[in-house]
Amino acid sequence: RGGTRARGVGVGHRLMFFEQAREEAEADWKKNKKDARALTRWGGALLELAHFQQGPQAVELIEKSVGKFREAVAVNPQIHEAHWCLGNALTSKGFLHPDIEVAQGYFDQAKEAFQTAVDLDGENPVYNKALQLTEKAPTLHAELQRQLAGQGEGGAARLAELRECAEQQRHLAGVGARVVGAEE
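Here's a quick rundown of the structure. (Residues numbered from 1 in each chain as written. Predicted model: local features only at pLDDT ≥ 70, side-chain atom pairs only at ≥ 80, totals over all residues. Heavy atoms only, no water.)

1. Concerning the side chain of D35
In step 1: As for its placement among the helices and strands, D35 is situated in the loop between α1 (2–31) and α2 (36–50).
In step 2: Buried D35, no salt bridge; nearest opposite-charge side chain is R41, N-O distance 5.1 Å.
In step 3: A polar atom in the side chain of D35 sits 3.1 Å from the backbone nitrogen of R37.
In step 4: In this structure the side chain of D35 is engaged in a polar contact, spanning 3.0 Å, whose partner is the backbone nitrogen of A38.
In step 5: Every residue in contact with D35, bar those within four places of it in the chain, is listed here: D28 and W29. (Helix = DSSP H or I, 4+ residues; strand = E, 2+ residues; numbered from the N terminus. Buried < 20%, exposed > 50% of the residue type's maximum accessible area, 1.4 Å probe, protein only. Lys, Arg positive; Asp, Glu negative; His and termini not counted. Salt bridge = Lys/Arg side-chain N within 4 Å of Asp/Glu carboxyl O. Polar contact = N/O pair within 3.5 Å; in protein donor to acceptor, adjacent residues only side chain to side chain. Contact = heavy atoms within 4.5 Å.)

2. As for the environment of A58
In step 1: With respect to the secondary-structure elements, A58 resides in helix α3 (residues 55–75).
In step 2: Taking C-alpha positions, A58 is 9.4 Å from L46, a pair spaced twelve residues apart along the chain.
In step 3: Apart from the residues lying within four places of it in its own chain, the contact partners of A58 are A50 and Q53.

3. Here we look at the nonpolar core
In step 1: Core analysis: the largest hydrophobic core is formed by 33 residues, its most contacted members being W42, V66, F69, W84, L86, L90 and F114.
In step 2: Of all elements in the fold, only α1, α2, α3, α4 (80–95), α5 (100–120) and α6 (125–134) reach the threshold of two or more residues within this core. (Core = buried A, V, L, I, M, F, W, Y, C linked by side-chain atoms within 4.5 Å.)

4. A short note on α6
In step 1: Along α6, the positions that sit buried rather than exposed are Y127, A130, L131 and T134. Seen from one end, α6 has its buried residues packed into an arc of 100 degrees, which puts them on one side. The exposed residues of α6 that point more than 90 degrees off its buried face are P125 and Q132.
In step 2: Those residues of α6 that are buried are in contact with α4, α5 and α7 (137–149).
In step 3: Capping of α6 at its N-terminal end is provided by N124; its side-chain oxygen lies 2.9 Å from the backbone amide nitrogen of V126. (Arc of directions from axis to C-beta.)

5. Looking at the environment of L90
In step 1: Tracing the chain through its elements places L90 in helix α4.
In step 2: For L90, a relative accessible area of 1% translates into the label buried.
In step 3: Separated by 21 residues in the primary sequence, L90 and K111 place their C-alpha atoms 9.0 Å from one another.
In step 4: The contact partners of L90, leaving out residues within four places of it in the chain, are V66, R70, Y106, Q109 and A110.

6. Here's the deal with the packing of aromatic side chains
In step 1: Taken as a whole and assessed by the stated rule, the structure comprises four aromatic pairs.
In step 2: For the ring pair F17 and F18, a centre distance of 5.0 Å and an interplane angle of 80 degrees mean the geometry is edge-to-face.
In step 3: F17 gets classed as partly exposed once you look at its relative accessible area, which sits at 44%.
In step 4: Directly above the aromatic system of W29 lies the positively charged group of K68, at a separation of 5.8 Å from the ring centroid.
In step 5: Sitting above the plane of the W42 ring, K68 keeps its charged end 3.8 Å from the centroid. (Phe/Tyr/Trp six-rings, centres within 6.5 Å; stacked < 30°, edge-to-face > 60°. Lys NZ or Arg CZ within 6 Å of the ring centre and 35° of its normal.)

And the structure:
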């Protein structure tokens, strides 16, 4: 029982951290509407906050994060972090759609964003890894949909494995969001 309570406290602190990060990034952007880094931090915080939500609330936050990242790259197309974060948000958006054709459209856009990040900073191993993992997104999406459709033999274990993989990708995105904030 103590572990559950401790985990809940950790989640509460993370939620407060990302909400504060969102507020600070928004305040920075209001001071300078051409601050692409503030927009990137704002989008990153929204994407992290989406992971604390389910259903329509998660979708709304992811869509808002995509908007902030797109705004950031419009302000400064050379900001590789924003392209990478956009790729992460689009990948998340793709996994939320059960229709593979819709999901594939988001995965394709994510691949373009990751490729742009690599083109701008090819030495960054996280960007290169994200681009490689994008190739696996349709297969993971199909497997996830199969598991959700019917919890067949071994389904629960495989679903847990897929969730762990998604959590690792989300962690990578979170590390990136914190790095983006630290670079200023």
